[in-house]
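Secondary and tertiary structure notes
Next come the chains, spelled out residue by residue.
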Amino acid sequence: MLIFLSFYGKNMKVLHWKKLVSCVGWTTAEELYSCSDDHQIVKWNLLTGETSQIVKLPDDIYPIDLHWFPKSLGIKKQTQAEIFVLTSSDGKFHLISKLGRVEKSVEAHSGAVLAGRWNYEGTALVTVGEDGQIKIWSKTGMLRSTLAHQGTPVYSVAWGPDSEKVLYTAGKQLIIKPLQPNAKILQWKAHDGIILKVDWNSVNDLILSAGEDCKYKVWDSYGRPLYSSQPHEHPITSVAWAPDGELFAVGSFHTLRLCDKTGWSYALEKPNTGSIFNIAWSVDGTQIAGACGNGHVVFAHVVEQRWEWKNFQVTLTKRRTMQVRNVLNDAVDLLEFRDRVIKASLNYAHLVVSTSLQCYVFSTKNWNTPLIFDLKEGTVSLILQAERHFLLVDGGGIYLYSYEGRFLSSPKFPGMRTDILNAQTVSLSNDTIAIKDKADEKIIFLFEASTGKPMGDGKFLSHKNEVLEIALDQKGLTNDRKIAFIDKNRDLYITSVKRFGKEEQIIKLGTMVHTLAWSDTCNILCGLQDTRFTVWYYPNTVYVDRDILPKTLYERDASEFSKNPHIVSFVGNQVTIRRADGSLVHISISPYPAILHEYVSSSKWEDAVRLCRFVKEQTMWACLAAMAVANQDMTTAEIAYAAIGEIDKVQYINSIKNLPSKESKMAHILMFSGNIQEAEIVLLQAGLVYQAIQININLYNWESSK
């Protein structure tokens, strides 16, 4: 995906002030307010290209920072922000209405108020100033507390995603301070020069910083460095995250840069702007505005985004136009939209596009007749696809639609915040929706796709550590649906989705796993483990015979992918990985395990054995052995175990085949897989009490055998 910034200006009436523009802020995706050192607040309408002065401030007020009051979360129709906070050089902050009326002016700091930010709920305001104080205010401008006081000016501030912590600058240091008194403060040296700007994204929980050392940096919320740029020619004067956390913008002298969340650069523009002091993203994340030192306001929108699936490549060429290229025959189709494109997703032979008002669903077989339906709310922040349906996430909720455009369900849970969901925290399969909770990050909610109701007996999935990333497998029966997830310790786990009464086992598959993906054609899982790229050809092996799991893996060295690579997709037998520098690497894995999965799902055991004999690979035989035991086909299991030299297991399977009753066979197969309790229950239900006692004696379970 190559992304560029396309600049407005040809048909835009650009106001040019003699004095610098200090701050900008969007009310809607088409309307922007800007403030400048000649005391004017100006409204820009991007649809008509008109500008109008809202208010002329008193001559002693020099505006420094502007932030609109956040729109209420969960409101269905897109409402406009009605009030903003304006900080100024006279030590005050001002609450100003959309019409330009100054509702309240509050004496806040001695010296200039350098920044002011509402929290995500709009219940509190934080201001920082030249006097080194960080103050928390109520919605109406009443002082709640002075959070900190230091000797140097605080140039920038940002709220943590949960509005429980505040990030601020202290010279070359960054400090994260919780609002709770006596809570632990996190502080680290971030730059070699004074830090001028910070931003903290609520979706990806990553921090941006920019300094006079001419660098911008990306950090995680623990202060660990993820990316540091090369030094620029001039100090970095502004940084800002896109709302969905996938991109960020960087401003400097005559410089505007668009970057991926991992730090590498999509585009570099050199507009004649002077220093860009402030950058604001539109609500839908498609446009940015910059406040420029030479009196300009620079507008740009994101174009040239690219989506690929099999032989199709879709490119957003203009705000309302997409180009589809079929690389097999070089056929090109142009897709025109009525409104600007906000989000798109290409997968499972369908292209789903959300504009500001509508959703378009194209089939790759026919690009001319899309299915179109109106959206409940304008700004879609995430699109996820499965084979049978797709999921839209917006500020109001989560909505599941079929590819025919039929609304299917809308799962909900207490305290759900849809504005912070992303592809790592939501997963979709043909029958299940999984959502990681933000309030308690150890919990994963599981819903039936068709109804939106909680899965099974309504219990959520609870883990001992915080969960970072979740992924549902895509194929097979609903009862066999599995979810894989990575926790805070970078351990990879797998567990069953169907949860009725009995506590399902959560089993560890691997350690130091940074990114994962399921294949779209069969239940094969791949991940990047420390220095290795690993493919679990049959992850269910952990439920059947954990001893042979290592034999079902494919591993190769991953050092070629450099630091912090990310798996983009796993389509068919091709895995696409994005390296830290933004380049894509394609890996092809063996096609045979996928064919084996297909044979087994159709119960073609003879074909499966024939395939393994043809391929002559231990991994294939090990997968077949586990698949056969899982499906209780002991004849095939015997052949497969013999092929990988597990003679003791071959003998045990032989003894199972000679057992007289169906129930005792079933019980011994369960024992083979390590399910002792279930084996005992089967025998007791069949009245085979003696055998139940015997298996406990054999296992030295003296308590149970009593």
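Conventions we followed
Residues numbered from 1 in each chain as written. Predicted model: local features only at pLDDT ≥ 70, side-chain atom pairs only at ≥ 80, totals over all residues. Heavy atoms only, no water. Helix = DSSP H or I, 4+ residues; strand = E, 2+ residues; numbered from the N terminus. Buried < 20%, exposed > 50% of the residue type's maximum accessible area, 1.4 Å probe, protein only. Contact = heavy atoms within 4.5 Å. Areas by Shrake-Rupley, 256 points an atom, 1.4 Å probe, with all protein chains shown as cover. Pairing = 2+ DSSP bridges. Axes fitted to C-alpha atoms, helices over the stretch in contact; angles between N-to-C directions. Parallel < 35°, antiparallel > 145°, perpendicular 65-115°, else oblique. Left-handed = near helix turned anticlockwise from the far one by under 90°. Nonpolar A, V, L, I, M, F, W, Y, C, P; charged D, E, K, R; others polar. pLDDT = per-residue confidence, 0-100. Core = buried A, V, L, I, M, F, W, Y, C linked by side-chain atoms within 4.5 Å. Arc of directions from axis to C-beta.

1. A short note on the overall build of the protein
Across its full length, the protein carries 10 helices and 55 strands. Counting the 706 residues in the protein, one finds 57% classified as buried. Long-range pairs, those at least 24 residues apart, make up 43% of the contacts in the protein with a sequence separation of at least 6. When the accessible surface of the protein is summed, it comes to about 29900 Å², and 51% of that surface belongs to carbon and sulfur atoms.

2. What to know about the sheet that holds strand 38 (residues 389-394)
Where strands meet in a sheet, backbone hydrogen bonds hold them as pairs that are either parallel or antiparallel. Strand order across the open sheet formed by 4 strands is 37-38-39-40, with antiparallel pairing between neighbours. Across the chains shown, the open sheet's two edge strands, defined by having one partner strand only, are strand 37 (380-385) and strand 40 (407-409). Ignoring which end each strand starts from, the neighbouring axes of this sheet average 30° apart. As defined by bridge partners, strand 38 adjoins strand 39 (residues 397-402) across 6 bridges and the pair is classed as antiparallel. The residue of strand 39 that forms the bridge with Leu392 is Tyr399.

3. What to know about the pairing of strand 54 (residues 574-578)
Buried residues dominate strand 54, accounting for 4 of its 5 residues. As paired strands, strand 53 (residues 566-571) and strand 54 are joined by 5 bridges and run antiparallel to one another. Each bridged residue has a counterpart across the sheet, and for Ser569 the counterpart in strand 54 is Thr576. Here strand 53 folds back onto strand 54 in antiparallel fashion, the turn holding 2 residues, of which Gly572 has a positive phi close to 65°.

4. Comments concerning the packing of helix 2 (residues 592-601) against helix 4 (residues 618-630)
For the pair helix 2 and helix 4, interaxial distance at closest approach is 11 Å and the crossing angle is 20°. In terms of axis orientation, helix 2 runs roughly parallel to helix 4. Of the two possible hands of crossing, helix 2 and helix 4 adopt the one that is right-handed. Contacts from Tyr592, Pro593, Leu596, His597 and Val600 of helix 2 reach helix 4 at Met620, Cys623, Leu624 and Met627. Residue composition of the contact of helix 2 with helix 4, by class: 8 nonpolar, 1 polar and no charged.

5. Focus on the sheet that holds strand 20 (residues 216-219)
With antiparallel pairing, 4 strands are arranged side by side in an open sheet as 18-19-20-21. Two strands close off the open sheet at either side, each with one partner strand: strand 18 (195-200) and strand 21 (225-228). Between one strand and the next, the sheet's axes are offset by a mean angle of 20°, whatever the strand orientation. By the bridge criterion, 3 bridges tie strand 20 to strand 21 in an arrangement that is antiparallel.

6. Quick look at the confidence of the model for the protein
Averaged over all residues, the pLDDT of the protein equals 88, while 88% of them reach at least 70. Between residues 1-5, whose pLDDT stays under 50, and residues either more than four places distant or in other chains, the model counts 31 contacts. Note on residues 73-80: pLDDT under 50 across the span, and 18 contacts to partners over four residues away in sequence or across chains.

7. A look at the environment of Lys563
Turning to its location among the elements, Lys563 is positioned in the loop between strand 52 (553-557) and strand 53. A relative accessible area of 58% places Lys563 in the exposed class. For the pair formed by Lys563 and Asp581, sequence separation is 18 residues and the distance between their alpha carbons is 9.1 Å.

8. Notes on the nonpolar core
Counting 46 residues, the largest nonpolar core has Phe533, Leu596, Leu624 and Tyr641 as the members making the most contacts within it. A total of 10 residues in this core trace back to one element, the largest contributor, which is helix 4. Counting residues in hydrophobic clusters, the runner-up holds 18 residues, among them Met322, Val341, Val353 and Tyr360.

9. Some thoughts on helix 3 (residues 605-615)
Here helix 3 has its buried residues at Trp605, Ala608, Val609, Leu611, Cys612 and Val615. Seen along its axis, helix 3 keeps its buried residues to an arc of 160°; they face one direction. Facing away from the buried side of helix 3 by over 90 degrees, the exposed positions are Glu606, Arg610, Arg613 and Phe614. Where helix 3 is buried, its residues meet helix 2, helix 4 and helix 5 (634-643). Following helix 3 by one or two positions, Lys616 has its phi on the positive side, about 55°.

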